[in-house]
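Observations on the three-dimensional arrangement
Letter by letter, the chains look like this.
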Amino acid sequence: MIQVLRPGLLSTIQDLGRTGLASLAVPRSGAADRAALRLANRLAGNPEELAGIETTLLGVDLRFTEARWAAVTGALCPVRVDGRPSTVDRPVHVPAGGVLSLGAAAEGVRSYLAVAGGIAVEPVLGSRSTDTMSGLGPPRLAVGDLLPLGAPLGVPAEVDWAPRSPAPATALVRLLPGPRDDWFELTALGEYAVDPASDRVGVRLRGPVLARTRDGELPSEGMLPGAVQVPPDGQPVIMLADHPTTGGYPVVGVVHPDDLSLVAQARPGTAIRFAVSPRSRP
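Fair warning: this is a prediction, and the values are worked out from it, not measured in the lab.

1. Remarks on the overall build of the chain
Along the chain, the regular secondary structure elements total two helices and 20 strands. Taking 19 Å as the expected radius of gyration for a compact globule of 282 residues, we find that the chain reaches 19 Å, a close match to that expectation. Taken along its principal axes, the extent of the C-alpha atoms in the chain is 65 × 40 × 30 Å. Here the chain holds 282 residues, and the buried ones make up 50% of them. Sequence-distant contacts in the chain: of pairs separated by 6 or more residues, those separated by 24 or more amount to 77%. As displayed, the chain offers around 12400 Å² of accessible surface, 57% of which is attributable to carbon and sulfur atoms. Charge centroids of the chain, computed over 26 positive and 28 negative side chains, lie 1 Å from each other.

See below:
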């Protein structure tokens, strides 16, 4: 078991999400930075898909009732075991009764904690992920929560591929145009700043207004992570893990899946610039 001593700003249980249910209006949810969760699981000796804990900016404090290996990845933050400094991107051993503390993020937004055996709360529709928009899955962590653990399945990895460099002043993300890129003049896409109102549903941007080249309303269309919607104010919104399954605003393009981690870890005020890929139309 793990006991929550301090839940931080927003800490949730996340795995890789619910797949194959969008036709039933069930979004994928899951870790906002999927690569970071996968890495944490590998370091802890788990299969990549097991559930861990996603924290937001301010970390979390947890007491382990039994000894386990764990790993912290994602946003760079101080890691301590019973007050002794540890590190991110490496396995850490927490003794029975020990307290693992993740401090405030120095870079990035979301840190990921994987524990050997995974967080074994009851799955909902095939996933243990917390969906903050629909309310599916376990609630966000609160003081006193007791989280069950699964049986360890492997040994911690001493090393793994974990490239880490200082956060860029401007995050350059690739944009794949469509399906409604012809509704806008894409040359107007300039540099944007991440709005503080961003969350797991979507990253709101503030910058050059993306004006329409055609008028009219649009019937609701399917959505997916990384879709860039443009509301009437012309300020783009990049959909994240807890996005709705449909939307009525035109989608100008979709962020390349390999760049979604950059978006998920972009702090308020971070500059984002789109690199628009060419698209040929029939």
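2. A look at helix H1 (residues 34-44)
Considered for burial, the residues of H1 that qualify are Ala36, Leu37, Leu39, Ala40, Asn41, Leu43 and Ala44. Looking one or two residues beyond H1, the residue adopting positive phi is Gly45, at roughly 85°.

3. Looking at the nonpolar core
Most often, soluble globular proteins have nonpolar side chains that are buried together. Ranked by size, the top nonpolar core spans 30 residues in total, and within it Leu205, Ile238, Val255, Ile272 and Phe274 carry the most contacts. Within the residue set of this core, elements represented by two or more residues are H1, strand E12 (170-177), strand E13 (191-194), strand E14 (202-206), strand E19 (251-255), helix H2 (260-264) and strand E20 (271-276). Leave out the neighbours within four places in its chain, and Phe274 touches Leu172, Val173, Leu175, Leu189, Gly190, Tyr192, Leu205, Val228, Ile238 and Val255. Formed by 25 residues, the second largest nonpolar core is a distinct cluster that contains Leu62, Leu102, Val121 and Leu149.

4. Section: the sheet that holds strand E3 (residues 52-56)
Strand order in the open sheet made by the five strands is E2-E3-E10-E5-E8, with antiparallel pairing throughout. Only two strands of the sheet have a single partner each, and these edge strands are strand E2 (12-14) and strand E8 (91-94). Averaged over all pairs of adjacent strands, the angle between their axes in this sheet comes to 35°, without regard to strand direction. Where strand E5 (residues 68-76) and strand E10 (residues 107-115) come together, six bridges link them in antiparallel fashion. The residue of E10 that forms the bridge with Val72 is Leu113.

5. Regarding the packing of aromatic side chains
If you walk through the whole model with that rule in mind, you get one aromatic pair. Measuring from centroid to centroid gives 6.2 Å for Tyr192 and Phe274, while their planes differ by 65°, and the two rings are edge-to-face. Of this pair, Tyr192 sits in strand E13 while Phe274 sits in strand E20, and the two are 82 residues apart along the sequence. The exposure classification of Tyr192 matches that of Phe274, with both residues buried.

6. Describing the sheet that holds strand E17 (residues 237-239)
Read around the closed barrel, the seven strands follow the order E12-E19-E16-E17-E14-E13-E20; overall the barrel is mixed. Strand-to-strand twist across the sheet, computed as the mean angle between neighbouring axes with direction ignored, equals 40°. Summarising the sheet, strand E16 (residues 227-229) and E19 pair through three bridges and their orientation is antiparallel. Note that in E19 the partner of Val228 across the bridge is Gly253.

Calculation criteria
- Residues numbered from 1 in each chain as written.
- Predicted model: local features only at pLDDT ≥ 70, side-chain atom pairs only at ≥ 80, totals over all residues.
- Heavy atoms only, no water.
- Helix = DSSP H or I, 4+ residues; strand = E, 2+ residues; numbered from the N terminus.
- Rg over C-alpha atoms; globule rule 2.2 N^0.38 Å.
- Buried < 20%, exposed > 50% of the residue type's maximum accessible area, 1.4 Å probe, protein only.
- Contact = heavy atoms within 4.5 Å.
- Areas by Shrake-Rupley, 256 points an atom, 1.4 Å probe, with all protein chains shown as cover.
- Lys, Arg positive; Asp, Glu negative; His and termini not counted.
- Charge placed at Lys NZ, Arg CZ, Asp CG, Glu CD.
- Core = buried A, V, L, I, M, F, W, Y, C linked by side-chain atoms within 4.5 Å.
- Pairing = 2+ DSSP bridges.
- Axes fitted to C-alpha atoms, helices over the stretch in contact; angles between N-to-C directions.
- Phe/Tyr/Trp six-rings, centres within 6.5 Å; stacked < 30°, edge-to-face > 60°.

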